[in-house]
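Architecture and fold: a report
Single-letter residue listing:
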Amino acid sequence: MVVKVQRPGIEAVMRSDLDLLYLSAQVLEAEHRRDAARGRVSIVEEFEKGLIRELNFHQELANLLEFRRNLDPARR
């Protein structure tokens, strides 16, 4: 069993942390123009998408309801 708890104000904290990640990625890309440093910002973008999905408890509820329907013994 997994229990997910969302602390009040956590989204603002996460947004602030994401801003720092974006800034770091942009600095790395600007300072190291080699191919190895490129794509840092896109990595942070993908990370952000995942975090935002985790904060969406409406989607979590929809997933749980679908899971329950799929386990319904009356369904074949």
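The paragraphs below set out a description of the structure included in this document. Since we're looking at a predicted model, the values are computed, not measured. (Residues numbered from 1 in each chain as written. Predicted model: local features only at pLDDT ≥ 70, side-chain atom pairs only at ≥ 80, totals over all residues. Heavy atoms only, no water.)

Counting secondary structure elements, the chain contains three helices and zero strands. Written out in order from the N terminus, the α and β elements of the chain read α-α-α. Taken over C-alpha atoms, the radius of gyration comes to 19 Å for the chain, far larger than the 11 Å a tight globule of 76 residues would show. Across the 76 residues of the chain, 14% fall into the buried class. The long-range fraction of contacts in the chain, counting pairs at least 24 apart against all pairs at least 6 apart in sequence, stands at 51%. In the form shown here, the chain has an accessible surface area of approximately 6800 Å², with 57% of it arising from carbon and sulfur atoms. Looking at charge distribution, the chain has the averaged site of its 13 positive side-chain charges lying 6 Å from that of its 13 negative ones. (Helix = DSSP H or I, 4+ residues; strand = E, 2+ residues; numbered from the N terminus. Rg over C-alpha atoms; globule rule 2.2 N^0.38 Å. Buried < 20%, exposed > 50% of the residue type's maximum accessible area, 1.4 Å probe, protein only. Contact = heavy atoms within 4.5 Å. Areas by Shrake-Rupley, 256 points an atom, 1.4 Å probe, with all protein chains shown as cover. Lys, Arg positive; Asp, Glu negative; His and termini not counted. Charge placed at Lys NZ, Arg CZ, Asp CG, Glu CD.)

Here we take up helix 3 (residues 57–70). Each turn of an α-helix holds 3.6 residues, which means side chains three or four residues apart point in the same direction. Helix length check: helix 3 (14 residues) gives 20 Å between terminal C-alpha atoms against 20 Å at 1.5 Å per residue, within 8%. Its side-chain oxygen placed 3.1 Å from the backbone nitrogen of His 58, Asn 56 serves as the N-cap of helix 3. (Expected span 1.5 Å × (residues − 1). Polar contact = N/O pair within 3.5 Å; in protein donor to acceptor, adjacent residues only side chain to side chain.)

All right, on to the packing of helix 1 (residues 10–31) against helix 2 (residues 40–55) then. Running from amino to carboxyl end, helix 1 crosses helix 2 at an angle of 170 degrees, the nearest separation of the two axes being 8 Å. Regarding the angle of helix 1 to helix 2, the classification is roughly antiparallel. In this structure, helix 1 uses Ile 10, Glu 11, Met 14, Arg 15, Leu 18, Leu 21, Tyr 22, Ala 25, Gln 26, Leu 28 and Glu 29 to contact helix 2, whose residues at the interface are Arg 40, Val 41, Val 44, Glu 45, Phe 47, Glu 48, Leu 51, Ile 52 and Leu 55. Among the residues making up the contact of helix 1 with helix 2, the classes are represented as 13 nonpolar, one polar and six charged. (Axes fitted to C-alpha atoms, helices over the stretch in contact; angles between N-to-C directions. Parallel < 35°, antiparallel > 145°, perpendicular 65-115°, else oblique. Nonpolar A, V, L, I, M, F, W, Y, C, P; charged D, E, K, R; others polar.)

With that out of the way, let us pick up the nonpolar core. In this structure, Ile 10, Met 14, Leu 18, Tyr 22, Ala 25, Val 41, Val 44, Leu 51 and Leu 55 together form the largest nonpolar core, which totals nine residues. Elements supplying a minimum of two residues to this core: helix 1 and helix 2. For this core, the element with the highest residue contribution is helix 1, accounting for five residues. If we skip the residues at most four places from it in the chain, Val 41 touches Tyr 22, Ala 25, Gln 26 and Glu 29. (Core = buried A, V, L, I, M, F, W, Y, C linked by side-chain atoms within 4.5 Å.)

Moving on to the environment of Ala 30. Mapping Ala 30 onto the fold places it in helix 1. For the pair Ala 30 and Arg 53, spaced 23 residues apart in sequence, the C-alpha separation works out to 29 Å.

What follows covers the pattern of salt bridges. A full pass over the atoms with the stated rule returns three salt bridges. In this structure, Arg 15 engages Glu 48 in a salt bridge whose closest nitrogen and oxygen atoms are separated by 2.9 Å. Taken together, the residues Arg 15 in helix 1 and Glu 48 in helix 2 connect sequence positions 33 residues apart. By relative accessible area, which is 34% here, Arg 15 ends up partly exposed. Using a relative accessible area of 19% as the deciding quantity, one classes Glu 48 as buried. Close ionic contact of Glu 46 with Lys 49 constitutes a salt bridge, the shortest N to O distance being 3.1 Å. Of the two residues, Glu 46 and Lys 49 are both situated in helix 2; the distance of three residues between them amounts to about one turn of the helix. Via salt bridges that share partners, Glu 11, Arg 15 and Glu 48 belong to a single interconnected network. (Salt bridge = Lys/Arg side-chain N within 4 Å of Asp/Glu carboxyl O.)

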